[in-house]
Each structure stands twice: as structure tokens, then as C-alpha cells.
Amino acid sequence: MIRSLIRLLRGRPSHAQTLNPLPAPTPFAAFATKPDVDVADLLGRAAVNLDTPELQRFLAGKTVLVTGAGGSIGSEICRQIMRFCPASLILVEQAENNLFEIDRELREKWLGATITPCVADICDAIRIATIFKAHQPQVVLHCAAHKHVPMMEQNPGEAIKNNVFGTKTVADAAAEFGTDAFVMVSTDKAVNPTSVMGAAKRFAELYIQSKNEGVENSTRFLAVRFGNVLGSSGSVVPIFKKQIAAGGPVTVTHPDMKRYFMTIPEASQLVLQAGAIGHGGEIFVLDMGEPIRIVDLARELIQRSGLRVEEDIAIEFTGIRPGEKLYEELAGLAEETRPTSHAKIRVWQLPPAEAQRVKKGLAILSDVVNGCREEAVIALARCVPEYRPDGVIRLGADSDGSETLRFSGGDESAVLAA
Ligand SMILES: NC(=O)c1ccc[n+]([C@@H]2O[C@H](COP(=O)([O-])OP(=O)(O)OC[C@H]3O[C@@H](n4cnc5c(N)ncnc54)[C@H](O)[C@@H]3O)[C@@H](O)[C@H]2O)c1
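No experiment lies behind these values; they were computed from the predicted model shown.

A. Fine view of the environment of isoleucine 73. Assignment of secondary structure puts isoleucine 73 in helix H6 (residues 72-82). A C-alpha to C-alpha distance of 6.6 Å links isoleucine 73 and serine 268, two positions 195 residues apart in sequence. Excluding residues within four positions of it along the chain, isoleucine 73 makes contact with Cys143, Val185, Val229, Ser232, Ile264, Ala267 and Ser268.

Written out as C-alpha cells, the structure is:
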């Protein structure tokens, strides 16, 4: 019944159409009356307990700069920061429309607050230095990045430019202009990465850790890893909602695909809390609860939209895409991490980044940003030893520890040795 209604709304011929034509409806009319599903509700978790005095010490009266301020996480971090009365908030964002939206929203809500929108690319060192010089931010939340795994598999040079060198540019400016705290938003995809995106984020983590070792600056550099946030741009929930509204099918990559999920406010609040408690050099990880099967999430969303799985909306499996994992690895958390003063924030026990290795890695990566895909992937694999890209063979290490790697396809141009 619902399927034939959907067919009708899509304009396909059906028996019902010939018998009883409807007045021109919108394609979404069939579902317009269904209540919108609250994504926070899907997780069924209690609100995060925050150490408000600590956050006040961290943010109140401070000049705070957020990169990627118009994105899903950056914009929510801005909303959360405003609750703690910063002296001023600097919004750095390359997408003008995203910046326009968050700037307008914050100004409407916080009348009289000092908010400065800066259209800027984090890879533009001169522009970033000019902004830091003008505003002298005390706290930096670095959220700007490329994040889509399959997209970055096809554009590895861009992942390196934005996620590695963009991060370096902002971190260098923070050190130069005396920022107190620099918090890099990272991802669970940086844990034993299988993707270009994850490997680029892992190297960015190594860079900011190495910055922390630098004697010449007083900035606390730290990173916070977490899994997927529900409802962020381009993530499964908005995609599923669109697919449901269009009458299906809902597409899921694999029946066993699992992901850790948090709500955007939950993750954003905990990123700020980690920034407040960090001493510098830490890679924090947020307690994401139990991983959720994507297919269960799809079923739940279909049912909460008032529809029946398979009868009304079909679920289709499309297959894992390049760079994707079935499970993200926050699982061995208890062994590999230690607790902090906050119950939902742990810290990874990772060896500190060696400055020499990081410096060498930057040189390797800068040589390939505009090269071919194979060169960029191999360069990342040389800089991030735990990165296991598909099709790359490690041929062995020399006495100085440098590795020779190549694609199993035998493309000699992609053979590189340190
Ligand atoms: N969305 C998730 O589920 C999730 C989970 C864990 C970690 N993260 C991390 O959080 C960060 C932000 O993710 P998001 O979901 O908010 O992404 P998003 O795409 O919604 O936001 C990123 C924002 O950064 C901006 N940006 C990108 N490159 C820029 C540049 N060169 N200069 C200036 N601005 C730039 C974009 O225009 C965009 O507005 C990423 O680092 C991502 O890896 C995201």
C-alpha cells in the first residue's frame, strides 16, 4: 500500500493513479506528517556530566579560535563555547555559506557578543598568521579537515594538504603567537588506519604531539579522538532520513558493519572538557559506549519514521568501500588507555612522537602532495608505520629503519625507499 503510494508520488504509473488521481503532491508529502526522529534519542544515553568550573576556567574571558567553525562539529563546539562567556570568538572557515550560518546563529542568540567570522583556508599560512596576529587567541579548537573516507582514497594529496599541512599551519601559528591550548579534533579512524583519511589524521596527531615537545613554545598541544557523531553532515543518519523520505531503499554497506556513535553536543562538550584537563602531549579518547550495527540503526530509523522494514522500506547492502573497516578500533580501550579525572575521557598510552621522524615525514609528504595517487599512499604508509593500505607491500627495512614499499600491481614509479 505505502509502496504504491510512493510510486504514485514519484509519478510512476500505477493502478491507483488511473482510478483516483491525487492533486500534485510534493515527493515528501507521504512522510511529511511523520514526526522527525530525534537522533539523540537513538542512542538512549544520559547527558554528559561536565566539570563546569573547569570549563569556565578554560574558556571564560578568553579569546577562542575555532577552525572549521561552520562544520558539524566546529559549529556545535562554537555553540558550546558561547555558554562559557569567552571574551571573543574567532570563526575560521573556508566555506563562506557555512560561516555565514553559524555567525548569524550565534549573533542572534548572543546579542552583543564579540564574534569575528574569518573566511580563511587553514592551508594559507599568511592568512592564518594574520588572523593569529590580529586576535592573539588563547585557546584554539582545530576542527577543519577533509573527513570522507572514500573521497580521500581518490584524492590522497588533498587529504595530506588539508589534514596534515593545514593542521601544521594552524599549530605553528598557535606556537608562534603564544596560544595557551591547541586542541586537535581527531578520529577513531586514526587508530591503526586503513584509509588515507585516517593515516593523514594520524600523522597530524604525531605532528602536534611533536610540537608539544618543542622547547621554544608554551602551548599545550593535544588531540581528542572519537567515533562517528550522529547526524553530522554526510553521515549515515541524514542519508538514511533522505532515503526513507524518498521511499527507500536504505543502503547499508555490510550487514556486520559497526560504528561507535555519539551525539554532536556530547562529543563537542567532551572535546572542550579534554582541552580543559590536558597538560599537553596527550591523545585523548572519548568513551563512546558500545558500537552499534549500522543495519540496526537503519531499522530503528525506518521504524521510528512510522514505517515497516522491508514491507515499506527495503534495506540494500552495497559492499564495503575502499579504505573502510567493518569495525573501528576503540575496542581494546581499557588496555591501551588510562583514565583521567573525567569518567568519559581516557588517554591513550602511546609513545611520544620523535621530532626527527616527524620532520622527515613532513619532507616525504610535501614531495607527493601533487603527485600521483600511488606515491601519496606509499608516502603516508612510510610516515605512519601502522597504516595498512590495500595493495601495498612492505619489502623490508634497511639498517637505518627506513622501509621500501610498493604496490603489489608492480608500478615501479611508485616504489620508494627512504
Ligand atoms: N563527523 C564525524 O562523525 C566525526 C567523528 C570523529 C571525528 N571527526 C572529525 O571532526 C572534524 C570535523 O568533522 P565534521 O563532521 O564537523 O566535518 P564537516 O565537513 O561538517 O566540517 C568541517 C569544516 O571544516 C571546513 N574546512 C575544511 N577544510 C578547510 C580548510 N582548508 N580551511 C578552512 N576550513 C576548512 C569545512 O568547510 C567544514 O565546514 C574532522 O577532523 C573529522 O575527522 C568527525
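B. Focus on the packing of helix H10 (residues 156-176) against helix H17 (residues 373-383). For the pair H10 and H17, interaxial distance at closest approach is 8 Å and the crossing angle is 45°. Comparing their axes, H17 and H10 come out oblique. Seen from H10, the contacting residues are Pro156, Gly157 and Ile160; seen from H17, they are Arg373, Ala376, Val377 and Leu380. When grouped by side-chain class, the residues that make up the contact of H10 with H17 number five nonpolar, one polar and one charged.

C. Representation of the sheet that holds strand E14 (residues 337-339) in the model. Judged by pairing direction, the sheet is mixed, and its nine strands sit side by side in the order E3-E2-E1-E4-E5-E6-E11-E15-E14 without closing on themselves. Strands with a single pairing partner mark the edges of an open sheet, and in this sheet they are strand E3 (115-119) and E14. The average angle at which neighbouring strand axes cross in this sheet is 25°, direction not considered. Across five bridges, strand E2 (residues 88-93) lies against E3 in parallel orientation. Bridge pairing in E3 places leucine 89 opposite isoleucine 115. Sheet strands in contact with H10 are strand E1 (63-67), strand E4 (139-142), strand E5 (181-185) and strand E6 (220-225), and its direction is about 175° off that of E4. Across the face of the sheet, helix H11 (residues 196-213) comes into contact with E5, E6 and strand E11 (283-286) while running at roughly 155° to E6.

D. Looking closely at the pairing of E2. The element E2 is largely enclosed, with a buried count of five among its six residues. Of the strand pairs in this sheet, E1 and E2 are connected by five bridges, and their pairing is parallel. If you follow valine 66 over to E2, its bridge partner there is leucine 91. Chirality of the crossover, the property in question, places the unit of E1, H6 and E2 among those that are right-handed. Between E2 and its parallel partner E3, the chain crosses via helix H7 (residues 96-109), and the hand of that crossover is right-handed.

E. Seen up close, the pairing of E5. Across the five residues that make up E5, a large majority, five, are buried. Taking every second residue as pointing to the same face, both faces of E5 are buried, with Ala181, Val183 and Val185 on one and Phe182 and Met184 on the other. Bridge count between E4 and E5: four bridges; the pairing is parallel. By the bridge assignment, leucine 141 is partnered in E5 with valine 183. In this sheet, E6 lies alongside E5 in parallel orientation, the contact comprising five bridges. Following the sheet pairing, alanine 181 is matched in E6 by arginine 220.

F. Summary view of the site of the ligand. Every one of the 28 residues lining the ligand counts as a neighbour, but Gly68, Gly71, Ile73, Gln94 and Ala145 are closest to it. Elements with a contribution of two residues or more to the shell around the ligand: H6, H10 and strand E7 (228-230). No other element matches the three residues that H6 contributes to the shell around the ligand. Classifying every residue of the shell around the ligand gives 10 nonpolar, 15 polar and three charged.

G. Structural context of the nonpolar core. By size, the foremost hydrophobic cluster in this structure holds 108 residues, and its most contacted members are Val66, Leu91, Val92, Val183, Ala200, Val271 and Leu380. With nine residues, the top contributor of residues to this core is H11. For this core, the two domains that each supply at least three residues are domain 2 (51-236 + 259-289) and domain 3 (372-417).

Rules used in this analysis
Residues numbered from 1 in each chain as written. Predicted model: local features only at pLDDT ≥ 70, side-chain atom pairs only at ≥ 80, totals over all residues. Helix = DSSP H or I, 4+ residues; strand = E, 2+ residues; numbered from the N terminus. Contact = placed C-beta atoms within 7 Å. Axes fitted to C-alpha atoms, helices over the stretch in contact; angles between N-to-C directions. Parallel < 35°, antiparallel > 145°, perpendicular 65-115°, else oblique. Nonpolar A, V, L, I, M, F, W, Y, C, P; charged D, E, K, R; others polar. Pairing = 2+ DSSP bridges. Buried ≥ 20, exposed ≤ 12 C-beta atoms within 10 Å, placed from the backbone. Right-handed = clockwise from strand over helix to strand, strands pointing away. Near = placed C-beta within 6 Å. Core = buried A, V, L, I, M, F, W, Y, C linked by C-beta atoms within 7 Å. Domains from an automatic or database assignment.

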